Amino acid sequence: MAISLSPLPYAQDALAPVVSARTMDFHYGKHHRGYVDKLIAQLSGTDLEHSNLEDIVRSAWRSGNQSTFNNAAQAWNHDFFWHSLSPDSGPPGTELEILINRDFGSRPELLKSLVDAALAQFGSGWAWLVVDGGHLRIVTTSNADCPLVHEGQTALLTIDVWEHAYYLDYQNDRKRYVETLAASLLNWDAASARLKLSASQHAYASAAAGA
Ligand code: MN3
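The rules behind each value
Residues numbered from 1 in each chain as written. Predicted model: local features only at pLDDT ≥ 70, side-chain atom pairs only at ≥ 80, totals over all residues. Heavy atoms only, no water. Donors = N, O, S within 2.8 Å, 3.2 Å for Na, K, Ca; no water. Helix = DSSP H or I, 4+ residues; strand = E, 2+ residues; numbered from the N terminus. Buried < 20%, exposed > 50% of the residue type's maximum accessible area, 1.4 Å probe, protein only. Polar contact = N/O pair within 3.5 Å; in protein donor to acceptor, adjacent residues only side chain to side chain. Contact = heavy atoms within 4.5 Å. Pairing = 2+ DSSP bridges. Axes fitted to C-alpha atoms, helices over the stretch in contact; angles between N-to-C directions. Salt bridge = Lys/Arg side-chain N within 4 Å of Asp/Glu carboxyl O.

## Notes on the coordination of the manganese ion
Okay, so step 1: With distances of 1.9 to 2.1 Å, the protein atoms coordinating the manganese ion are His27 (NE2), His78 (NE2), Asp160 (OD) and His164 (NE2).
Okay, so step 2: In terms of primary sequence, the donors binding the manganese ion are separated according to H-x50-H-x81-D-x3-H. Within this pair, whereas His27 is found in helix H1 (residues 21-43), its partner Asp160 is found in strand S3 (residues 153-160), the two being separated by 133 residues in sequence. Exposure class is identical for His27 and Asp160. Each is buried.

## So, the side chain of Gln121
Okay, so step 1: Take Gln121: it is sitting in the loop between helix H5 (107-120) and strand S1 (125-132).
Okay, so step 2: A polar side-chain atom of Gln121 sits 3.1 Å from a polar atom in the side chain of Ser142.
Okay, so step 3: Ignoring anything within four residues of it in the chain, the contact list for Gln121 reads Thr140, Thr141, Ser142, Val161 and Arg174.

## Regarding unusual backbone geometry
Okay, so step 1: With omega at 5°, the peptide bond leading from Ala16 into Pro17 counts as cis.
Okay, so step 2: Within the secondary structure, Pro17 sits in the segment before H1.
Okay, so step 3: Backbone geometry at Asn143 places phi at a positive 55°, although glycine is not the residue there.
Okay, so step 4: Turning to its location among the elements, Asn143 is positioned in the loop between strand S2 (135-142) and S3.
Okay, so step 5: Look at Asn143 and you get partly exposed, because its relative accessible area is 43%.
Okay, so step 6: The phi torsion at Gln171 lies on the positive side, around 50°, for a residue other than glycine.
Okay, so step 7: Its location among the elements puts Gln171 in the loop between helix H6 (167-170) and helix H7 (174-184).

## Some words on the pairing of S2
Okay, so step 1: The sheet contact formed by S1 and S2 spans eight bridges and is antiparallel. Bridge pairing in S2 links Gly125 to Ser142.
Okay, so step 2: Counted along the chain from S1 to the antiparallel partner S2, the turn is two residues long, and its residue Gly133 has a positive phi close to 60°.

## A word on the sheet that holds S2
Okay, so step 1: Here three strands make up an open sheet; going across it, the order is S2-S1-S3 and the pairing antiparallel. Pairing within the sheet leaves two strands with one partner each, and these edge strands are S2 and S3. The average undirected angle you get between the axes of adjacent strands in this sheet is 25°.
Okay, so step 2: With seven bridges joining them, S1 and S3 adopt antiparallel strand pairing.

## Focus on the pattern of salt bridges
Okay, so step 1: Applying the stated criterion to the full structure yields seven salt bridges.
Okay, so step 2: Across the pair Asp116 and Lys112 runs a salt bridge, and its minimum N-O distance is 2.8 Å. One end of the pair is Asp116 and the other is Lys112, both in helix H5 and four residues apart, which spans about a single turn.
Okay, so step 3: The exposure class assigned to Asp116 is partly exposed, which follows from its relative accessible area of 38%.
Okay, so step 4: Using a relative accessible area of 53% as the deciding quantity, one classes Lys112 as exposed.
Okay, so step 5: Ionic pairing is found between Glu179 and Lys175, a salt bridge with its closest N-O pair at 3.1 Å. Residue Glu179 and its partner Lys175 are located together in helix H7, separated by four residues, close to a single helical turn.

## Examining the environment of Gly34
Okay, so step 1: Structurally, Gly34 is set in helix H1.
Okay, so step 2: Note: C-alpha distance between Gly34 and His83 (49 residues apart in sequence) is 19 Å.

## Some points on helix H2 (residues 53-63)
Okay, so step 1: Within H2, the full set of buried residues consists of Leu53, Ile56, Val57, Ser59 and Ala60.
Okay, so step 2: Residues of H2 that are buried make contact with H1 and helix H3 (66-84).
Okay, so step 3: Residue Asn52 occupies the N-cap position of H2, its side-chain oxygen lying 3.1 Å from the main-chain nitrogen of Glu54.
Okay, so step 4: In the segment just after H2, Gly64 is the residue with positive phi, at about 70°.

That's the geometry; what it means functionally is another story.
Right under this line is the structure:
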């Protein structure tokens, strides 16, 4: 299977006004596409040419191929980011809600931790909600770095805090961008599904169900 730009899971204007169609046009149509195009060029004729994106990210990380890692991880991060947002998500599912309450106290407190982490990330990067060893955690990564290459972490949600994610709509106001996005567009349906999938693959399934 060759790498290609995945379609957005919604229309380009579906997240407006929080994320404008113009931002999506640049962010998805130029930045995300740019990472994918560069990755395709880098992999052409190599052993990884027909690998799936997750394998490429991990392989480039292990071999220290920073340039391929940057493009592959950014391609993966952006796919993940688009699916971390939704104009019409429901609330977290029961299992996720139980873990949120146990590990953060409440959903507003989780959101505050996520926003604080996103604001504290110096320069370009990502703020993530991950499950790690059966516990929810907020982590940040710099540049293209992502939970895929950090042992034990399964990503549930992410917020892109590269300036290209918000500059057209919010200029330098990362705080307003992150707060607005976190309050209105997080895809809890997707996070709940990812938790279920992850729990089915780990021994803490029973802890999540019985906590
Ligand atoms: Mn981006």
